[in-house]
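What follows is each chain in one-letter form.
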Amino acid sequence: MSRRSWVTYFVRQKVPMMAAAYLALVLLLVLFAGAIAPYGPTEQNLDANLAGPSREHLLGTGQLGLDVFSRILWGGRTTLYGVLVAVVVFAVLGVSAGLLAGYLRGPVEWAVLRTSEVLQAVPAAIILLVVLAVFPGRQVIAMVALGVLGAPGLARVVRSVTLGVREELYVRSAQTMGLRPVAIMRRHVLPHLSGPVIVQLSLFGAAAVGLETALGFLRLGSGESSWGLLVAEASRHLGAHPWLMVPSGFVIMSFVMALGLVGDGVRDAVAASMRTRVESGARPRAATPPAPELPDSEDALVSVRGLTVSFPRGQDWIDVVRGVDLAVLPGGALGILGESGCGKSITAEAIVGRIRGTGQITAGEVRRRGRVGWVAQDAASSLDPSGRVGAQLAEVVRVHRPELSRSQVRARVLDLLERVRLPEPRRVARSRPWELSGGMAQRVGIAMALATDPHLIVADEPTSALDTTVQAEVLALFDELRADGMTLVVITHDVGVLAAVCDSAAVMYAGEVVELAPTQELLTHPAHPYTAALLAADPRRGTPGERLAAIDGTVPAPGSWPSGCRFADRCLLVTQACRETSVPLFDVDPADPTDAADPRVSRCLRFADVLDRTRA
Ligand SMILES: Nc1ncnc2c1ncn2[C@@H]1O[C@H](COP(=O)(O)OP(=O)(O)OP(=O)(O)O)[C@@H](O)[C@H]1O
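Here the structure is a predicted model, which means the values were calculated and not measured. (Residues numbered from 1 in each chain as written. Predicted model: local features only at pLDDT ≥ 70, side-chain atom pairs only at ≥ 80, totals over all residues. Heavy atoms only, no water.)

Undergrad: Would you mind going over the UniProt feature "transmembrane region" (unreviewed entry) in the protein in detail, with residue names and values included?
TA: Per the UniProt entry, the sites bearing "transmembrane region" (unreviewed entry) are residues 20–40, 80–104, 116–135, 197–220 and 240–262 in this numbering. Secondary structure across residues 116–135 comprises 85% helix and 0% strand; the distance between its end C-alpha atoms is 25 Å. Taken end to end, residues 240–262 is 78% helix and 0% strand, and its first and last C-alpha atoms sit 37 Å apart. (UniProt positions renumbered as here; feature names shortened; annotations may be inferred. Helix = DSSP H or I, 4+ residues; strand = E, 2+ residues; numbered from the N terminus.)

Next comes the structure, spelled out in structure tokens:
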């Protein structure tokens, strides 16, 4: 389902739209008071002292015959200027502090949170009175102080929205593509804050109108005509001339209410756009030779050695991937196969250098030679929904080729879109991500990866969100990339994808590699019971009319891996020995001289039995 901006939902709501129109009207009248107000702010008409509405004075007059309508317009300038000052200070401080805290985290976040706690603990009214005592009549300074005192509340809201947005795939993709934090915050995080920030601004604006009026009423303000001063004057004649309170009271109340209605409308619109997003919106044969060395890491474009990735849980760290060894030679295509939750994506993230959330490499290493491009599972969500496709591609091109002129960047963007076989590249460049079909979005995702001029592309389940025909087209595109010499790592749970694109395969189970082999050999003669079970469960390999052999049980969760073979509970060949100690990787065919370049290993004590069965 498409993801639309909250503005689309906002304009469909009648009441908030009327409130927004009313606010705009008041602002225009106040702004053009010089042209619209029939009288000056101090222009007296002693013949009409404290008179009711008439043709000369639409809303009547106050003391000394001052025209009420004109004074509301002139007074609005003082009041709304003060409110504007407070709102600007509130917005600038709150948004920048919240954005930095949520995006950079660490000491910056700590400092912002502690400062906001201190500011929120001090009583705002007392601070404002102190400010006015030090700067008597300087209402603007009081409004600046109000903005500063209110900013921590906004900073907290912005921080929590930023924490969510920074985990979005398009932000992680932008990081992977080398965009600087400031550019990512400005282009990809800031636009998503607009809804929540406007809600906060309208609430704060309403509070600021109230305070400005109160200052005028208490005569703590500058003394210039303001809405508060009008209320103060009207209150002195409330007994004899009650009408006088009506115009100024109405303007203030209606302005505050309209701000509230706009805020409510924006909040509902943001919620509606989020809902759309969610809908569119994760044996023994002892004395076996040890595993061979993987290709020399000097030659490999990526070499992963003893990789362990862990996430903090309470006081502990839980391993989700442990002791993974992989290597990808230039021009090769490695598939990483396994069920959901086996650690494929985390391994891929470690290869790219962007592990999600709080995950960290706690042992081993990943060595990369050259640039790595990333194609996400759901390309649409790795694109920022608020930006045009062409602009997002151009941004990545500019980072990687700063020497290109504007027209050269534009030409490169169209080139990339053509390169991934998108018809009408100009139209695609002008589209927003949610206007594209799944297949088109996936091609744009591949173009984004290519825009980084990568030596290696890592693709995480690149076809799983697509229907079969589109899947075949995207796989053909990967094949073309390979023919052009691109090195690939493809994460998949689909044996068909592995067969179509990859020349070697690593099978992962419960956070470790259980089999590594050239793809053809793995598909025809698996050497691990888990691989054999995955192949037997592949619908394309089944016999029509026969039930597919589903694998009983589930992958054990990180933190509850058994000490012996992790597949033991689901394995049909399990023996007591399998459960006793952890199983190392064994060289499946030590006599094979090609093994050193393209190793065949299995983490099964009974791999020879498995091979015998599959060769039978
Ligand atoms: N943010 C996280 N915090 C803690 N554990 C996590 C987090 N993300 C993933 N994991 C754990 O890491 C393990 C591996 O996840 P990973 O996404 O790599 O699996 P996968 O094989 O790629 O499966 P899928 O195809 O569903 O993405 C999972 O068991 C999951 O429980």
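On we go.
Undergrad: Kindly report on the pattern of salt bridges, identifying the contributing residues and their values.
TA: Enumeration according to the criterion identifies 23 salt bridges in this entry. Across the salt bridge formed by Arg 570 and Glu 339, the nearest N and O atoms sit 3.0 Å from each other. With Arg 570 in the loop between helix H20 (529–536) and helix H21 (576–580) and Glu 339 in the loop between strand E3 (333–337) and helix H12 (344–352), this residue pair connects regions lying 231 residues apart in the sequence. A salt bridge links Arg 356 to Glu 349; the nearest nitrogen and oxygen atoms lie 2.9 Å apart. Given a relative accessible area of 32%, Arg 356 falls into the partly exposed group. Several salt bridges share partner residues, and in doing so they unite Arg 105, Glu 109 and Arg 159 into one network. (Salt bridge = Lys/Arg side-chain N within 4 Å of Asp/Glu carboxyl O. Buried < 20%, exposed > 50% of the residue type's maximum accessible area, 1.4 Å probe, protein only.)

Undergrad: Now, about unusual backbone geometry: what can you tell me, with residues and values included?
TA: Phi is positive for Arg 105, which is not a glycine, with a value near 55 degrees. Mapped onto the fold, Arg 105 is located in the loop between helix H4 (68–104) and helix H5 (106–121). What makes Arg 105 partly exposed here is its relative accessible area of 31%. We note that Arg 421 has phi near 60 degrees; this positive angle belongs to a residue other than glycine.

Undergrad: So what's going on with the site of the ligand? Which residues, and what values?
TA: In the vicinity of the ligand lie 13 residues, with Ser 340, Gly 341, Lys 344, Ser 345 and Ile 346 positioned nearest. Between the ligand and Gly 343, the relevant distance is 3.0 Å, taken from an oxygen atom to a main-chain nitrogen or oxygen of the residue. A distance of 2.9 Å separates an oxygen atom of the ligand from a polar side-chain atom of Lys 344. Its free accessible area being 640 Å², the ligand has 70% of it covered by the protein chains. Sorting elements by how many residues they give to the shell around the ligand places H12 first, with 3 residues. (Near = heavy atom within 4 Å. Polar contact = N/O pair within 3.5 Å; in protein donor to acceptor, adjacent residues only side chain to side chain. Areas by Shrake-Rupley, 256 points an atom, 1.4 Å probe, with all protein chains shown as cover.)

Undergrad: An account of the packing of aromatic side chains is requested, with residue identities and associated values reported.
TA: Summed over the entire model, instances satisfying the criterion amount to 6 aromatic pairs. Each ring, one from Tyr 509 and one from Phe 567, has its centre 5.1 Å from the other, and the planes form 85 degrees; the classification is edge-to-face. You can see Tyr 509 sitting in strand E8 (residues 504–509) and its partner Phe 567 sitting in the loop between H20 and H21, a full 58 residues away along the chain. On the basis of relative accessibility, which here comes to 2%, the residue Phe 567 falls in the buried class. Here a set of aromatic residues connected by ring pairs shows up, and it is made of Tyr 509, Tyr 530 and Phe 567. (Phe/Tyr/Trp six-rings, centres within 6.5 Å; stacked < 30°, edge-to-face > 60°.)

Undergrad: Can you explain a nonpolar patch on the surface? Please cite residues and give values.
TA: A surface patch of nonpolar side chains, about 640 Å² in accessible area, is lined by Tyr 81, Leu 84, Val 88, Val 92, Leu 93, Val 140, Val 144 and Val 148. Note that Leu 93 resides in helix H4. Residue class for Leu 93 comes out partly exposed when judged on its relative accessible area of 38%. (Patch = residues over 30% accessible without salt bridge, like charges linked within 9 Å, V, L, I, M, F, W, Y side chains within 5 Å.)

Undergrad: Before we move on, could you go through the nonpolar core and cite the residues and values that matter?
TA: With 167 residues, the main nonpolar core has Leu 326, Leu 393, Leu 417, Val 444, Ile 446, Val 458 and Tyr 530 as its most contacted residues. Counting residues per element, this core draws most heavily on H4, at 11 residues. When near neighbours in sequence (up to four residues on either side) are disregarded, Leu 393 contacts Val 413, Leu 416, Leu 417, Ala 447, Met 448 and Ala 451. (Core = buried A, V, L, I, M, F, W, Y, C linked by side-chain atoms within 4.5 Å. Contact = heavy atoms within 4.5 Å.)

Undergrad: Help me get a handle on the packing of H4 against H5, residues and values and all.
TA: The contact between H4 and H5 brings their axes to 7 Å, and the two run at 140 degrees. If you check the angle between H4 and H5, you find them oblique. The crossing of H4 and H5 is left-handed. Where H4 approaches H5, its residues Ala 97, Leu 100, Ala 101 and Leu 104 are matched on the opposing element by Gly 106, Val 108, Glu 109 and Val 112. When grouped by side-chain class, the residues that make up the contact of H4 with H5 number 6 nonpolar, 1 polar and 1 charged. (Axes fitted to C-alpha atoms, helices over the stretch in contact; angles between N-to-C directions. Parallel < 35°, antiparallel > 145°, perpendicular 65-115°, else oblique. Left-handed = near helix turned anticlockwise from the far one by under 90°. Nonpolar A, V, L, I, M, F, W, Y, C, P; charged D, E, K, R; others polar.)

Undergrad: Describe the side chain of Ser 602, naming the residues involved and giving the relevant values.
TA: Mapped onto the fold, Ser 602 is located in strand E11 (residues 601–602). Here Ser 602 is in contact with Val 514, Glu 515, Ala 527, His 528, Pro 584, Leu 585, Phe 586, Val 588 and Phe 607, once residues within four sequence places are set aside.

Undergrad: Go over the pairing of strand E7 (residues 487–492), please, and point to the residues and values.
TA: Burial of E7 is extensive: 6 of the 6 residues sit out of reach of the surface. The two faces of E7 match: Thr 487, Val 489 and Ile 491 on one face and Leu 488, Val 490 and Thr 492 on the other face are all buried. Note that E3 and E7 share 5 bridges and pair parallel. In the strand pairing of E7, Ala 333 is matched with Leu 488. Across 5 bridges, the pairing between strand E6 (residues 456–460) and E7 is parallel. Bridge pairing links Ile 457 to Leu 488 in E7. Between E6 and its parallel partner E7, the chain crosses via helix H17 (residues 468–483), and the hand of that crossover is right-handed. (Pairing = 2+ DSSP bridges. Right-handed = clockwise from strand over helix to strand, strands pointing away.)

Undergrad: Give a detailed account of the sheet that holds strand E4 (residues 360–368), specifying residues and quantitative values.
TA: Taking strand neighbours across the sheet as the criterion, the 3 strands line up as E2-E1-E4 in an open arrangement whose pairing is antiparallel. Edge positions in the sheet fall to strand E2 (316–328) and E4, since each of these pairs with one other strand and no more. With strand direction ignored, the average angle separating the axes of adjacent strands in the sheet is 20 degrees. Where strand E1 (residues 302–313) lies against E2, 9 bridges are found, and the strand directions are antiparallel. From the neighbouring strand, Leu 307 faces E2, where its bridge partner is Val 324.

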